[in-house]
Amino acid sequence: MSTERDSETTFDEDSQPNDEVVPYSDDETEDELDDQGSTVEPEQNRVNREAEENQEPFRKECTWQVKANDRKYHGQPHFMNTKFFCIKKSKYANNAIKTYKYNALTFIPMNLFEQFKRSANLYFLVLLILQARHKMDKEINNRTCEVIKDGRFKVAKWKDIQVGDVIRLKKNDFVPADILLLSSSEPNSLCYVETAELDGETNLKFKMSLEITDQYLQREDTLATFDGLVECEEPNNRLDKFTGTLFWRNTSFPLDADKILLRGCVIRNTDFCHGLVIFAGADTKIMKNSGKTRFKRTKIDYLMNYMVYTIFVVLSLLSAGLAIGHAYWEAQVGNYSWYLYDGEDFTPSYRGFLNFWGYIIVLNTMVPISLYVSVEVIRLGQSHFINWDLQMYYAEKDTPAKARTTTLNEQLGQIHYIFSDKTGTLTQNIMTFKKCCINGQIYGDHRDASQHNHNKIEQVDFSWNTYADGKLAFYDHYLIEQIQSGKEPEVRQFFFLLAVCHTVMVDRIDGQLNYQAASPDEGALVNAARNFGFAFLARTQNTITISELGTERTYNVLAILDFNSDRKRMSIIVRTPEGNIRLYCKGADTVIYERLHRMNPTKQETQDALDIFANETLRTLCLCYKEIEEKEFAQWNKKFMAASVASTNRDEALDKVYEEIEKDLILLGATAIEDKLQDGVPETISKLAKADIKIWVLTGDKKETAENIGFACELLTEDTTICYGEDINSLLHARMENQRNRGGVYAKFAPPVQERFFPPGGNRALIITGSWLNEILLEKKTKRSKILKLKFPRTEEERRMRTQSKRRLEAKKEQQQKNFVDLACECSAVICCRVTPKQKAMVVDLVKRYKKAITLAIGDGANDVNMIKTAHIGVGISGQEGMQAVMSSDYSFAQFRYLQRLLLVHGRWSYIRMCKFLRYFFYKNFAFTLVHFWYSFFNGYSAQTAYEDWFITLYNVLYSSLPVLLMGLLDQDVSDKLSLRFPGLYIVGQRDLLFNYKRFFVSLLHGVLTSMILFFIPLGAYLQTVGQDGEAPSDYQSFAVTIASALVITVNFQIGLDTSYWTFVNAFSIFGSIALYFGIMFDFHSAGIHVLFPSMFQFTGTASNALRQPYIWLTIILTVAVCLLPVVAIRFLSMTIWPSESDKIQKHRKRLKAEEQWQRRQQVFRRGVSSRRSAYAFSHQRGYADLISSGRSIRKKRSPLDAIVADGTAEYRRTGDS
């Protein structure tokens, strides 16, 4: 029993999820989402698992070998893999990438496979065009960089780069492959990179090369002769890990992720750098994370397939029934009618068999072959309407909306869930200093210099400050007065703290200060201090220079106590020019208040200000300081230096020492920064919520930041009850226990019990971190019992136990995931933070799988690609984080607010148009085709057609095609403005109300009844009839003309009844189609064309002879009236008694146009009742304190290379004495 229990253990019971840590568990790509039931371990999972678990021996793990400047080395036979039969290919990918679905060779076969998923589609090759991703891939593959060839750096295209090449990159270049950093222009070969395309963060990160390569690989000639060999892990998708070894000069050097530049990064603040290509093209980590391109099809596509299958069955049954009727008729009548003898002595049953195929041909128009052609034309047109929509055009960046696919438009009108990234999607990723509280006084409102509030908006003029950058918009003139007058020294002390307590680095570009910060928040604070007169000018290893209202002062930096996610604060200890020692600290209010001196008179006022800032969804930091005696500092500094050189647990030792000095602090105030939302985000989310679309935010940001944005964009309100990971974990555990208790032998026969997790009513939201997500969904690494560690089961009993244990684990995992989805879907909003790209895709897939809902994912970075590809519809935002998301998306635009127009206008219109089109198309084809069926009862079931052959050919091509195409392209029930004003109109698409099996059978029945009327009214009119000339016009050809004329008029008038939005084009198409029919018919029935083609045109004179009879016209009018008047009556009663929302809005549209548009609801601030804290403004990882204090980041003149070589040792720059 203990063994069995141990084998079911899925996670460490003693380990608690860490909300601050991103759980890098991306050990598979999203391929695992396609095959949840597979028992075969994915290849990528195997590679990553081995790379993590089999650390010893090292050489066995690192099977990927890269030889510098030696392309032939990588072409050796033992590096070749068999790809197809005897065809071999090197396991090293070239650097060209492919995100398109097809190439020139696979286009036809793959399209055949894809298009034949759509039944009866014969015209796909004409309409499908190779997707535009070829163009974007070509553009990327043709980018250039410098590569060493023949001993010199030469310009080469990205696609020509190969593993082992040494390349040179310059400032602001994209990194073309995963490369090992060899050297750079910076001290110690530091290289600063922006990783926005990888993790969505625009703050800079630094990489540093090996000391040996920094010394010897600076010049072109030494780089050209570099012959090092790298052995490392196989290509995988883990962005944060790399394990390898460089063998060079008879020495081995360990490599880790800090020495690797990943494809997709951008070189910043580094003039140039050199690198060795380790992984290229499809082997790079960003491409491993992007997953495969999926074929996406709409819900209507799947439904159409089943309907076509239904029509096939109906066609077969009708043909079989009529064939049996013909066999019976032949046996009873045909064999005894000498004038029907055709010279063939076939039996009645054989004639019936032949007639079965005859009716398959005659009734083939029941299967709408041309339907797919028309659908593709409509979708193409709708895609162009999206591209041409000027209201989705972002003029600031000259970016129009782009439909990158033509097959998903109507699905935009059926979305249930939206999964959105945060940074760069909901926000601009631009931090702005908005307000502050100093000495208990709030600054930042609209006030003049005499402290009077006013409604007139007048921006503060910073022209008095030579260092101001002119970008800060501030409106409180009283704060400027306080700074300049110096009446309150705490005000100047406040901004001095912002200018000195940070890890920002500075350089000058064209004489202007340029700051590079570890987080955008910190950059915003230093820039704010700069604009208010306290400008950070320069720093060295031990000093920092500040301009204080025009006076430059230099302070000695004694220690930097850096930020981390546990401390949630940073401090700096400086010695003033007067010799005083002072500690300045900034951090989250929760940690600062614990360390304040008991005597802080403004503590409560600052707390009230923090509550106000929190309600305004601003990100806050508390600022404080402390005077330190010389003796106290000397004692502390000894402990600090000892902890700094600790060989084990250095970080923990430092944190403990920091705690000793960061106490009894004096509170100065608090800052309030706005993580600026994109324009229109709250309004968009509000409207989408009214359309019953649920929005989930999936972000790699920390919990506090994500929660803050949730309040800012109104996903969360003060009335929202927030549930966290630990809360729902207990709920899910209780639910699993209840389900286990209800289980048993007869459990599968009992009806499922639908229990709610929360009582009805109330507004709830779920905020969960990636670590808790893994914990709850049982995605953590499993503990293997002794039995599971065996490579092969020793006995049949062991094999049976292993299989049963695995099944129980899978069943438990599946049930737990279903319970989580059920719980999350009961919440009005869900925010998943600190999640990885794989987890984003997993959450989307869970909702798809267990809710059977239509999903949309929207993001702007490479870390969103997996999610975008997994969702039914992917939307890319062309923003701050490159084009990777756009390249993988189905639709793209520049701003999140355009999503409401894409869904509520274009999506809803596309859905309504497609549904109307399909209903009408099925109707007109059944009305047309089933006339043959009724005619069969009067022609001995002989498979004779009821129409002229040319009419059958042209009916779907000319006589009834244009009006329905125009309706599918142009029709709209209400205008775009009313569609946005009344989001509730969107719900019909979510509920599949306009096209489903019920609607299909109604259209079928309507077509059947119309065909009966079209046949039997003319039949009754023709019986025992005499014309004006005394002759009976009851011949077959006149009868066919009468039915055809009534049919064309009926189906074209019917589409007029179905049209909601009339234009000249619609009217012209309807009446033009009728006129075209009569014009072509009179031409085809003329004597002249019969003389030219006697065998092809046999209805000579029929139209002119039949249609000159008045009662023929009366018959046509009567037939059309009987077909249409019941429809008119039913529509009138329906709109009068059971009007839809659309009907009501159409009825009052003139009044509605005059009413005021929707306004964003006003927030009501209730003082002192806020229970939440706005996010503290720091980056996710340590800052640059280590670099600053060690001096490695300080620009120095590089020593001559010869001197370094002669010295023979590396120059280590270590922390200097204070």
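Residues numbered from 1 in each chain as written. Predicted model: local features only at pLDDT ≥ 70, side-chain atom pairs only at ≥ 80, totals over all residues. Heavy atoms only, no water.

A look at the pattern of salt bridges
Any two side chains of opposite charge can pair if their charged atoms end up close together. Rules: Put simply, a salt bridge is a Lys or Arg side-chain nitrogen that is within 4 Å of an Asp or Glu carboxyl oxygen. Here a helix means four or more residues in a row that DSSP labels H or I, a strand means two or more in a row labelled E, and each is numbered from the N terminus.
Scanning all chains against the criterion turns up 45 salt bridges. Note that E220 and R152 form a salt bridge whose closest N and O atoms lie 2.5 Å from each other. On the criterion of sequence distance, the pair formed by E220 in helix α10 (residues 220-224) and R152 in strand β5 (residues 152-157) is long-range, its members being 68 residues apart. Linked by salt bridges that have partners in common, R567, R569, E594, R595, E659 and E662 make up one network.

Here's the deal with the UniProt feature "active site" (unreviewed entry) in the chain
The line we're drawing: UniProt positions are given in the numbering used here, feature names are shortened, and annotations may be inferred rather than shown by experiment. Think of a polar contact as two N or O atoms within 3.5 Å of one another; within protein, one of them needs to be a possible hydrogen donor and the other a possible acceptor, and neighboring residues in sequence only count if both atoms come from side chains.
The UniProt record marks D421 with the feature "active site" (unreviewed entry), using the residue numbering of this structure. Its location among the elements puts D421 in the loop between β17 (417-420) and β18 (427-438). At a separation of 3.5 Å, a polar atom in the side chain of D421 contacts the side chain of K840.

So, helix α28 (residues 837-851)
Rule in force here: Take the residue count of a helix, subtract one, and multiply by 1.5 Å to get its expected span. Residue burial is assigned from relative accessible area. The probe radius is 1.4 Å, only protein chains are included, and a residue is buried under 20% of its type maximum, exposed over 50%, and partly exposed in between.
Between its first and last C-alpha, α28 extends 21 Å over 15 residues, near the 21 Å set by a 1.5 Å rise per residue. Residues of α28 that are buried include every one of P837, K838, Q839, K840, A841, M842, V843, V844, D845, L846, V847 and Y850, and no others. Just downstream of α28 lies K852, where phi reads positive at about 50°.

Some thoughts on the nonpolar core
The line we're drawing: Residues grouped as a nonpolar core are buried Ala, Val, Leu, Ile, Met, Phe, Trp, Tyr and Cys residues, joined through side-chain atoms within 4.5 Å. By the convention used here, residues are in contact when the closest approach between their heavy atoms is within 4.5 Å.
Among the nonpolar cores identified, the biggest contains 82 residues, and F917, L918, F922, F951 and L1047 are the most heavily contacted of them. Looking at which element gives the most residues to this core, the answer is helix α31 (residues 898-936), with 18 residues. Once you skip the residues sitting within four places of it in the chain, L918 turns out to touch I300, M304, L371, V375 and F995.

Some thoughts on the state of the cysteines
Convention followed: In this description, the term disulfide denotes a pair of cysteine sulfurs within 2.5 Å.
For the structure shown, the criterion picks out zero disulfides. Considering cysteine sulfurs only, C833 is the nearest to C832, which forms no disulfide, with 7.5 Å between them. Relative accessible area serves as the criterion here: at 1%, C832 is assigned to the buried category.

Brief notes about the confidence of the model for the chain
Stated precisely, the cut-off is as follows: On a range of 0 to 100, pLDDT expresses the predictor's confidence in each residue.
For the chain, the average pLDDT comes to 81, and 80% of its residues sit at 70 or higher. Per-residue pLDDT stays below 50 along residues 25-45; that stretch engages in 48 contacts with residues further than four places along the chain or on separate chains.

Some details on the sheet that holds strand β15 (residues 272-279)
Note the threshold: A pair of strands is treated as paired once DSSP finds two or more bridges between them.
As summarised here, the arrangement of the six strands in space is β5-β4-β6-β15-β7-β13, forming an open sheet in which the pairing is antiparallel. Either end of the sheet is taken by a strand with one partner, and the two such strands are β5 and β13 (260-261). By the bridge criterion, six bridges tie strand β7 (residues 178-184) to β15 in an arrangement that is antiparallel. Across the sheet, residue D178 finds its bridge partner in β15, namely F279.

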